[in-house]
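Results of the structural survey
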Amino acid sequence: MLEGLLIGLQTALSFQNILMVIGGCLIGTFIGMLPGLGPMSIIAIMIPVAISMGDPSAALILLAGVYYGAIFGGSTSSILLNAPGVAGTVASSFDGYPMAKQGKAGKALTIAAIASFAGGSIGAILLMVFAPALSSVALLFHSAEYFALMVVGLSAIAAFAGTGQVAKALLMTIVGLIMATVGEGALFNLPRFTMGIMDLQSGFGFITLAMAMFALPEALFLVLKPRTTRDDESGKITDLRITRQEARAIAPVIGRQSLQGFFIGVLPGAGATIASFLGYAVERNIATKEEQEEFGKGSIKGLAAPETANNAACTGSFVPLLTLGIPGSGTTAILLGALIALNVTPGPRLMLDEPQIFWAVIMSMFIGNLVLLVLNLPLIPYIAKVLSIPRNYLIPFILFFTLMGAYIGQNNATELLLLVAFGICATALRFADYPLAPLLIGFILGGMLEDNFARSMQLYDGIGFIWERPMTLGLLVIAGLLVVLPSYRARRARLRAQGVADGD
Amino acid sequence: MALDRWIALILAGICLAYGYTAWFTMDGSLAPFMKRNPIWPSTFPKVLSVIGLLASLVILLGLEKSESSEPDIDYRRLGQYNLGQALLLLALMVAYALGLRPLGFLFSTAAFLILGSFFLGERRWVVMLPVSLIATFIVWYLVQQVLGIYLRPLPGFIGG
């Protein structure tokens, strides 16, 4: 391993590759900050550039840098504008945006930067140590387990999304899954639920839906109810520093979430998005009673958890890509395409045949994280200047960027009408206090969920896989418990509040 | 009935229509050889429609008590907010969607940004016009030249 490390250092520290890391991180951060342009679209756009370089290590280093930068930029726009362009940073806005509203935007961005750095670096160490071992664990998983695992993820999201409104969150998840079935599935080659409309043949666009669920209602809320406090507070992002006490509070969160996020990222299908939501939910559940009250209102733990987890998961998602040749997420799927175009076949033999690629990527992860921390922390006051743009200009520009994001992704003007229609629906849902994140997650996971379900149905010729595979059954039972338990606990709490106090 | 239960009613209706398609009409067009498959295109939607219906009924019947939180905006007093501005902006977005192709990117975007800030009450034309025009041009340059995604810059009748 030491030998591999040295090879990697030698490759990654060449002048060209350092430039690649820095350039990739900067491009990723700036484009990722624009709501709607997620890592997937940025990497897709950068692929022609990367392929034309002809050097696989340099190309992969550049793309990995872009990936990190985009995730970091995405959390910046989540925190400052509550407009996450990337599903993986949706959870960061739960607590990051309230912090920004309270005038603590600088602190929120610092915490995000530190948490991302720690998550990414610890993830890279874990990748180095565990890549071979983890690949053999992931090999034990069949599509039945993937299906069950996604069900667990979805029910966890539904169960933790709202306080005492599990049914609403569950319904939103189902609506997301239903929307994912619209269009042509990969498995059947049959258009479903398109109502004969050609533009729905390929389904709804993810970016369109993400914009409509988050950025558009937020902009409309800004129009409906101008925030008068905004004008006095903006412009002075002074409180960049975090206190020793706060550092001590988030340190264990970062430690736990780096591990958890990394391992979730390794599992295909469960990428940065699930990791960040699960990380948020877990940290919220194990926090003390007083700290739980803080969550959703600007808790530093609630911000550090998803930020750490999504960066660790991004690193983790490289494990199946580099060791098995199986992409674990949409982003790594695009990376896989780029590698194949460069005549490199990722898989178990990659570490033996072309160790310089494998180790250079790992070393560039460390360098990339360092670049993000060193370049972005000093830049934070300038990035936060976005907040001091007057409302009269900010709102048209947010609306314009949502429109552009939807248009660039699909190059289709009908997509823009869909965006407006969904945006109005989402605003109505927000009025009625429905959580919107479960809808988007359901939509993202819908396709993979159905694919794995279909595959296991075919393998076992029916629904039998559920009881024939104990691991699947166990995971599904956990999923059921996750949905039922919160309402059971709420009922008990209510009964206790009515009657005499219990012993505890 | 509160808004959330109205929405649950609408979603229950959607689930019913979706479920009706999945359970009764979809399988008719299935090729005979595909009927031997243990999984049909309608299998997964069938499951979804049942769970979705159950969840919306739970909300509709108020089976799950939730503590009412103070929302950001109270929809019952919607008229007291800047509803007119919001509706104007939405109409502007629809107009942009319809006009983007025929009118070209540069014209429609500049018009969108100018009218958008005008609707919001901006009257300082000296600031508004240059900001909108420069932003339009920069975005067009970035998307078209740097990213290489084609956006028709000028209206069709000028030859853009």
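The residue numbering used here restarts from 1 in each chain and proceeds along that chain's sequence as written. To read the labels, note that chains go from A and ligands from 1, taken in the order they are written. With pLDDT at 70 or above as the cut-off, local features in this predicted model cover only qualifying residues; side-chain atom pairs require 80 or more to be listed or tallied, and sums for whole chains, interfaces and linings still use all residues.

**Let's talk about the overall build of chain B**
What counts as a helix is a DSSP run of H or I of at least four residues, what counts as a strand is a run of E of at least two, and both are numbered from the N terminus. For chain B, the helix and strand inventory stands at five helices and zero strands. From first element to last, N terminus to C terminus, chain B shows the α and β order α-α-α-α-α. For chain B, the residues scored as buried account for 25% of the 160 residues in total. If you take every contact in chain B between residues at least 6 apart in sequence, the share linking residues at least 24 apart comes to 59%. To assign burial, the other C-beta atoms lying within 10 Å of each residue's own C-beta are counted, with C-beta atoms placed from the backbone; 20 or more indicates buried, 12 or fewer indicates exposed, and intermediate counts indicate partly exposed. Residue pairs qualify as contacts under a 7 Å threshold applied to their C-beta atoms, which are placed from the backbone.

**Points about the overall build of chain A**
Along chain A, the regular secondary structure elements total 23 helices and two strands. Going through the 504 residues of chain A one by one, you find that 57% of them count as buried. Relative to all contacts within chain A whose residues are 6 or more apart in sequence, the contacts with residues 24 or more apart total 78%.

**Concerning the interface of chain B and chain A**
In this complex, chain B contributes 53 residues to the contact, which on the side of chain A involves 53 residues. Of all the secondary structure elements, the ones that give two or more residues to the side of chain B that touches chain A are helix H1 (3-25), helix H2 (43-60), helix H3 (83-103), helix H4 (105-119) and helix H5 (125-146) of chain B. A total of 11 residues in the side of chain B that touches chain A trace back to one element, the largest contributor, which is H3 of chain B. Considered class by class, the residues forming the side of chain B that touches chain A number 35 nonpolar, 11 polar and seven charged. Amino acids are sorted into nonpolar (Ala, Val, Leu, Ile, Met, Phe, Trp, Tyr, Cys and Pro), charged (Asp, Glu, Lys and Arg) and polar (every other residue, Gly among them).

**Structural notes on the nonpolar core**
Throughout this description, the term nonpolar core refers to a group of buried Ala, Val, Leu, Ile, Met, Phe, Trp, Tyr and Cys residues whose C-beta atoms join them within 7 Å. Judged by nonpolar contacts, the single largest core of 180 residues is most densely connected at Ile-61, Leu-63, Leu-403, Leu-436 and Leu-440 of chain A. Delimitation of the domains relies on an automatic or database domain assignment. Formed jointly, this core draws a minimum of three residues from each of two domains, domain 1 (3-67) and domain 2 (82-158) of chain B. Beyond its immediate stretch of four places on either side in the chain, Ile-61 of chain A contacts Ala-12, Asn-17, Met-20, Val-21, Ala-360, Val-361 and Ser-364 of chain A.

**Side note on H4 of chain B**
The periodicity of an α-helix, 3.6 residues per turn, causes residues three or four places apart in sequence to face the same way. All names here are of chain B. Multiplying 1.5 Å by the residue count of a helix minus one yields the expected span of that helix. Helix length check: H4, at 15 residues, gives a terminal C-alpha distance of 21 Å against a target of 21 Å (1.5 Å per residue), a fit within 8%. Every buried residue of H4 is listed here: Phe-105, Ser-108, Thr-109, Phe-112, Leu-113, Gly-116, Ser-117 and Phe-119. Taken down its axis, H4 places every buried residue within 160° of arc, on the same side. Trailing H4 by a residue or two, Gly-121 shows a phi angle of about 105°, which is positive. The arc under discussion is defined with respect to the helix axis, by the directions toward the C-beta atoms.

**A short note on the packing of helix H4 (residues 56-81) of chain A against helix H14 (residues 300-316) of chain A**
All names here are of chain A. Interaxial angles span 0 to 180 degrees and are taken between N-to-C directions of axes, which are lines fitted to C-alpha atoms, for helices over the stretch in contact. Across the interface, H4 lies against H14 with an axial gap of 11 Å and an inter-helix angle of 160°. In terms of orientation, H4 lies roughly antiparallel with respect to H14. In this structure, the crossing between H4 and H14 has a hand that is right-handed. Between H4 and H14, the contacting residues are Tyr-67, Tyr-68, Ile-71 and Ser-75 on the first element and Glu-307, Asn-310, Asn-311 and Cys-314 on the second. These descriptions rest on fixed angle ranges, namely under 35 degrees for roughly parallel, over 145 for roughly antiparallel, 65 to 115 for roughly perpendicular, and the rest for oblique. A crossing counts as left-handed when the near helix is turned anticlockwise from the far one by less than a right angle, and as right-handed when that turn is clockwise.

**Here we look at the confidence of the model for chain B**
When pLDDT is averaged across chain B, the result is 81; 87% of the residues are at 70 or more. This complex was scored by the predictor with a pTM of 0.69 and an ipTM of 0.87. The predictor reports its confidence for every residue as pLDDT, a score running from 0 up to 100.

**Thoughts on the packing of H3 of chain B against H4 of chain B**
Residues and elements named next belong to chain B. As a packed pair, H3 and H4 sit with axes 9 Å apart at the nearest point and diverge in direction by 170°. Taken as axis vectors, H3 and H4 run roughly antiparallel relative to one another. From H3, Gln-85, Leu-88, Leu-89, Leu-92, Tyr-96, Gly-99, Leu-100 and Leu-103 reach across to H4, where they touch Phe-105, Phe-107, Ser-108, Phe-112, Leu-115, Gly-116 and Phe-119. When its residues are assigned to classes, the contact of H3 with H4 shows 11 nonpolar, four polar and no charged.

**Overview of the environment of Cys-25 of chain A**
Residues and elements named next belong to chain A. One can find Cys-25 in helix H2 (residues 15-33). Owing to 29 C-beta atoms within 10 Å, Cys-25 belongs among the buried residues under this scheme. Other than its neighbours up to four places away in sequence, Cys-25 contacts Gly-65, Tyr-68, Gly-69, Gly-368, Val-371, Leu-372 and Leu-375.

**Regarding unusual backbone geometry**
All names here are of chain A. Look at Asp-433: it is not a glycine, yet its phi comes out positive at around 65°. Positionally, Asp-433 belongs in the loop between helix H20 (413-431) and helix H21 (437-460). According to the C-beta neighbour criterion, Asp-433 is partly exposed, with 19 such atoms within 10 Å.

**Here's the deal with the confidence of the model for chain A**
Residues and elements named next belong to chain A. Confidence in the prediction for chain A averages 76 pLDDT; 79% of positions are at 70 or higher. The secondary-structure element of chain A with the lowest mean pLDDT is helix H10 (residues 229-233), recorded at 40, while H20 shows the highest, at 88. Contacts from residues 228-235, a stretch scored under 50 in pLDDT, to residues over four places away or in other chains number four contacts. Of the regions scoring below 50 in pLDDT, residues 500-504 engages in two contacts with residues more than four places distant in sequence or in other chains.

**Thoughts on helix H11 (residues 244-266) of chain A**
Residue and element names in this part refer to chain A. Counted at 1.5 Å a residue, the expected span for H11 with its 23 residues is 33 Å, and the 33 Å between its end C-alpha atoms agrees. At Ile-250, H11 shows its strongest bend, of approximately 30°, with the proline Pro-252 following within four residues. Of all the positions in H11, only Ile-250, Val-253, Ile-254, Gln-257, Ser-258, Gln-260, Gly-261, Phe-262, Phe-263, Ile-264, Gly-265 and Val-266 are classed as buried. Throughout, bend refers to the angle between the axes fitted to the seven residues that end at a position and the seven residues that start at it.

**Focus: the environment of Ser-116 of chain A**
Mapped onto the secondary structure, Ser-116 of chain A falls in helix H6 (residues 105-139). The residues contacting Ser-116 of chain A, other than those within four sequence positions of it, are Phe-72, Glu-307, Asn-311 and Leu-372 of chain A.

**Remarks on the environment of Leu-350 of chain A**
Residues and elements named next belong to chain A. Here Leu-350 shows up in helix H17 (residues 350-353). For Leu-350, a count of 20 C-beta atoms within 10 Å gives the class buried. Along the backbone, Leu-350 and Thr-323 are 27 residues apart, and their C-alpha atoms lie at a distance of 7.2 Å. Setting aside residues up to four positions removed in sequence, Leu-350 forms contacts with Leu-322, Ile-357 and Phe-358.

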